[in-house]
Amino acid sequence: MVKIITGVGAAVLDHLNLIEDYPNEDGSTHITQIISQGGGACATAVVAAKRLGMFGQMITSVGDDETGKQILEGLDNEGIDTTMIEIVAGGISPHSEIMVNPETGTRTKFVSSNTLPPIEWNMDQIALIKNSDILHVDGTRYDNAMAAIEIAKQNNIPVSVDGCHMETDRELNRKMAEMSDILIMNARYPKIVAKTETTEDALAYFASHGPKVVISTQGTRGCLAWIDGHVEVFPAYSVKAVDSTGAGDVFHGAFIAAYMQGYDVRQAIRYASIAAALKCTQVGGRAGIPSDREIVSYL
């Protein structure tokens, strides 16, 4: 049976600008190509999970502007259920300007603030979460994420949290992390939120405060995971990277897809690491998401 993932979080439009090189501040460079593509931490994770065998659906907000139309179109084209996405009249949809250096695959993001109002939860949106197999949230809108987590917890739906975006109040971040079942964080989040000296100590802290799965992605250094009472290191897979945009988001979606299909944590990490690496061989957060066959073949 196909598993259902519901995402509550960022769905944005990325404008990816390929540049010749990074100039010094107050300098300049040439843009060689501009690519528009759907993005957003949560939405890209859901798209990845959908491509890898799950049924994906999103609850978020967009404006009724042209950007919002493109965000919805991108998700619809991926087969994501967008019927519960709120369209805010007069709202300005979130977008990102991303500068990509194709020589190194590094990127710098300039993200617009999400000024849309919080989700006004209705019975249909609540039912969408209740009938899911897993909820995935990011921290881009703490109010929306926590409301969704509360609904999931009341209905025994497992929760995956993207530990990346942080509130100024670290206690809020810690509360969200501790309510998760799967907690996958970037390199900075663990020590800052857990207030520890080392990432290893932070992973130990979180593992003793709720989540069953605790992972910190470390970019080209791979990732660290707390498994069987200790930290294990998983190296990154080597590829010719042209753009790292969305690699972490794809890792989330691929891990969830593998884990929900019965992979153990170690297998799911390797599966997700390959998915994230192969994504980096193309520009944008979604264009390079591989198929299950490609990942298994790489394994």
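Above this text sits the structure in question.
Residues numbered from 1 in each chain as written. Predicted model: local features only at pLDDT ≥ 70, side-chain atom pairs only at ≥ 80, totals over all residues. Heavy atoms only, no water.

Take the pairing of strand β8 (residues 106-111) next. Consecutive side chains of a regular strand alternate in pointing toward one face of the sheet and then the other. When strand β7 (residues 95-101) meets β8, the two strands line up antiparallel, connected through six bridges. Across the sheet, the residue bridging to N101 is T106, located in β8. If you look at the hairpin formed by β7 and β8, you'll find four residues sitting between the two strands, and G105 has a positive phi there, around 80°. (Pairing = 2+ DSSP bridges. Helix = DSSP H or I, 4+ residues; strand = E, 2+ residues; numbered from the N terminus.)

What follows covers the packing of aromatic side chains. One pass over the structure, following the stated rule, counts four aromatic pairs. Ring centres of Y205 and F206 lie 5.4 Å apart, and the angle between their planes is 75°; this geometry places the pair in the edge-to-face category. When its relative accessible area of 0% is taken as the criterion, F206 is described as buried. Residues F255 and Y259 carry aromatic rings whose centres are separated by 5.5 Å and whose planes lie at 15° to one another, so their mutual orientation is stacked. Highlighted residues: F255 and Y259, both in helix α8 (residues 247-260), separated by four residues, approximately one helical turn. Given a relative accessible area of 0%, F255 falls into the buried group. (Phe/Tyr/Trp six-rings, centres within 6.5 Å; stacked < 30°, edge-to-face > 60°. Buried < 20%, exposed > 50% of the residue type's maximum accessible area, 1.4 Å probe, protein only.)

Side-chain alternation along strand β11 (residues 182-185) places I182 and I184 on one buried face and L183 and M185 on a second face that is also buried. Here strand β10 (residues 159-163) runs beside β11; their pairing, made up of four bridges, is parallel. Its bridge partner lying in β11, D162 is registered against I184. A crossover links β10 with its parallel partner β11, the connecting element being helix α5 (residues 170-178), and its sense is right-handed. As paired strands, β11 and strand β12 (residues 213-217) are joined by four bridges and run parallel to one another. Bridge pairing in β12 links I184 to I215. (Right-handed = clockwise from strand over helix to strand, strands pointing away.)

Turning to the sheet that holds β7, a few remarks are in order. The strands that make up a sheet are held in pairs by hydrogen bonds between backbone atoms, and each pair lies either parallel or antiparallel. Read across the open sheet, the four strands follow the order β3-β2-β7-β8; overall the sheet is mixed. The outermost strands of the open sheet, each flanked by one partner alone, are β3 (31-39) and β8. Recorded for the sheet is a direction-independent mean angle of 20° between the axes of neighbouring strands. Inspection of the sheet shows strand β2 (residues 12-19) paired to β7 by six bridges, in the parallel sense. Following the sheet pairing, N17 is matched in β7 by M99. (Axes fitted to C-alpha atoms, helices over the stretch in contact; angles between N-to-C directions.)

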